[in-house]
Amino acid sequence: MGLSWDDFRLVRAIADRGGLTPAAVALGINHSTAFRRLAAIEAALDARLFERHRSGYVPTLAGEAVASVAARMEEDVARVTREVAGRAQAPAGELRVTAAASFVSTMLMPLFAGFRARYPQVRIEIVAAETALNLSRRDADVAIRASASAPPNLVGRRIAEIAWAVYGRAEDGPDLAGRDWVSPDESVAGDMIARFVRARAAPERIVLRINTVQGLAEAVEAGIGIGPLPCIQGDTRSGLMRLGGIEPEIASSLWLLTHPELRQAPRVRAFMDYAADRLVALRPLIEGRTR
């Protein structure tokens, strides 16, 4: 008959501990069971595995060979167990992240690159959208979102306050009088930014409207007009300058959010932790405290 894994474990336990009783205790069996099993193993192998002395059990050459094989088997079992557990817990699979296009271009692409380098088994799908996707319907796994407050059905953390200011091309100077303006349309930030522009510019001076913050920044950079931009957009474009201070009335918060049912998924948990660390490091730029 062949030996089972438990048979190998018993032989190794006796060899390591020098006796039946301590081996039985280590394996959680009684002395008589250990005695019967050892006798059955020796009968199956037709070989004596231990010399019985008053001082204990001493393995024979055959016993040492079986104990050696048992040690290697135990190491292999432990290694496979660790590998399987590691694969089950390691971040892997597809991760869908939604964020505004302006965030993706200015601060998120390097973050995604760093995350991929650390977790190569995760494949990222980016949904660049100014409107908020529904995480409850699993339109995305993680949202990096500008909002005054977090939706009550999502979990995550507030990263920073998003500072805004009015920008224009540096070559055009700081004077605001008689300037044309560019503005986001009502779909951006719930019309808050568009109202800000309407309060400062006559209708005929608002010469361009666009539905993305990214496009707004490009319009200002092209010299079409002046306009409000997040400081992380305006301050990172060398050709632009602030035409005044930070505008608190159009500030919002940057949130890193996921659905409660997803937050313990390895790929989501790993991304939330990694992204939070990297985004917090950018807080001075997001809050307009550094150029």
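Next up on the list: the overall build of the protein chain. Summing up its helical and strand segments, the protein chain has ten helices and twelve strands in all. Taken over the C-alpha trace, the protein chain has a radius of gyration of 33 Å; the compact-globule value for 291 residues is 19 Å, which it surpasses by more than 25%. Taken across its 291 residues, the protein chain has 41% of its residues classed as buried. In the protein chain, the share of contacts with a sequence separation of at least 24, taken over all contacts with a separation of at least 6, comes to 73%. Surface exposure of the protein chain reaches about 14800 Å², of which carbon and sulfur atoms provide 51%. Here the protein chain carries 37 positive and 34 negative side-chain charges, and the mean point of each set is 5 Å from the other.

Ordered in space as 10-7-11, the three strands form an open sheet in which the pairing is antiparallel. Strands with a single pairing partner mark the edges of an open sheet, and in this sheet they are strand 10 (227-230) and strand 11 (240-242). Going across the sheet, the axis of each strand differs from the next one's by a mean of 50 degrees, ignoring polarity. Here four bridges tie strand 7 (residues 164-169) to strand 10, and the two strands are oriented antiparallel to one another. Across the sheet, the residue bridging to A165 is L229, located in strand 10. Strands strand 7, strand 10 and strand 11 of the sheet are contacted by helix 7 (residues 213-221), whose axis makes an angle of about 125 degrees with strand 10.

Another point: helix 9 (residues 266-281). The end-to-end C-alpha distance of helix 9, which contains 16 residues, comes to 23 Å, matching closely the 22 Å that a straight helix rising 1.5 Å per residue would cover. Of the surrounding secondary structure, the elements contacted by the buried residues of helix 9 are strand 3 (93-99), helix 5 (101-118), strand 5 (142-147), strand 6 (155-162), strand 12 (252-258) and helix 10 (283-286).

The next subject is the packing of helix 2 (residues 20-27) against helix 3 (residues 31-45). Taken N-terminus to C-terminus, the directions of helix 2 and helix 3 make an angle of 105 degrees; their axes are 9 Å apart at the nearest point. In terms of axis orientation, helix 2 runs roughly perpendicular to helix 3. Residue-level contacts link L20, T21 and A24 of helix 2 to H31, A34, F35 and L38 of helix 3. Looking at side-chain class alone, the contact of helix 2 with helix 3 contains five nonpolar, two polar and no charged residues.

Across a sheet, paired strands are connected by hydrogen bonds in the backbone, their directions being either parallel or antiparallel. Taken in spatial order, the five strands of this open sheet run 4-3-5-12-6, and their pairing is mixed. For this open sheet the edge positions go to strand 4 (122-128) and strand 6, each flanked by a neighbour on one side alone. Within the sheet, the average angular offset between the axes of one strand and its neighbour, ignoring direction, is 20 degrees. Alignment of strand 3 against strand 5, held across three bridges, turns out to be parallel. Within strand 5, the residue paired with T98 across the bridge is A143. With respect to the sheet, helix 5 is in contact with strand 3, strand 4, strand 5, strand 6 and strand 12, its orientation differing from that of strand 4 by roughly 180 degrees.

Take the pattern of salt bridges next. For the structure on display, the rule yields 17 salt bridges. Close ionic contact of R12 with D16 constitutes a salt bridge, the shortest N to O distance being 3.2 Å. A residue pair is termed a helical-turn pair when its members lie 3 or 4 positions apart in one helix, as R12 and D16 do in helix 1 (residues 5-17) at four residues. Classification of R12 by relative accessible area gives partly exposed; the value is 23%. In this structure, the salt-bridge partner of E249 is R200, at a minimum N-O distance of 2.8 Å. Here E249 is found in the loop between strand 11 and strand 12, whereas its partner R200 is found in the loop between helix 6 (192-198) and strand 9 (206-210), with 49 residues between them in sequence. What emerges from the salt-bridge pattern is a single network uniting E186, D191, R195 and R198.

So, about unusual backbone geometry. In this model, D46 sits at a positive phi of 55 degrees, which is unusual for a non-glycine residue. Mapped onto the secondary structure, D46 falls in the loop between helix 3 and strand 1 (50-53).

Looking now at the pairing of strand 1. Summarising the sheet, strand 1 and strand 2 (residues 56-59) pair through four bridges and their orientation is antiparallel. Paired with R52 across the bridge in strand 2 is Y57.

Ranked by size, the top nonpolar core spans 45 residues in total, and within it F103, L108, I144, L256 and F271 carry the most contacts. Ranked by residues supplied to this core, first place goes to helix 9 with eight residues. With residues up to four places along the chain from it excluded, the contact list for L108 reads A99, F103, I144 and L279. Counting 17 residues, the second-largest nonpolar core is a separate cluster that includes A13, A24, A34 and V66.

Here is what the cut-offs are and how they apply
- Residues numbered from 1 in each chain as written.
- Predicted model: local features only at pLDDT ≥ 70, side-chain atom pairs only at ≥ 80, totals over all residues.
- Heavy atoms only, no water.
- Helix = DSSP H or I, 4+ residues; strand = E, 2+ residues; numbered from the N terminus.
- Rg over C-alpha atoms; globule rule 2.2 N^0.38 Å.
- Buried < 20%, exposed > 50% of the residue type's maximum accessible area, 1.4 Å probe, protein only.
- Contact = heavy atoms within 4.5 Å.
- Areas by Shrake-Rupley, 256 points an atom, 1.4 Å probe, with all protein chains shown as cover.
- Lys, Arg positive; Asp, Glu negative; His and termini not counted.
- Charge placed at Lys NZ, Arg CZ, Asp CG, Glu CD.
- Pairing = 2+ DSSP bridges.
- Axes fitted to C-alpha atoms, helices over the stretch in contact; angles between N-to-C directions.
- Expected span 1.5 Å × (residues − 1).
- Parallel < 35°, antiparallel > 145°, perpendicular 65-115°, else oblique.
- Nonpolar A, V, L, I, M, F, W, Y, C, P; charged D, E, K, R; others polar.
- Salt bridge = Lys/Arg side-chain N within 4 Å of Asp/Glu carboxyl O.
- Core = buried A, V, L, I, M, F, W, Y, C linked by side-chain atoms within 4.5 Å.

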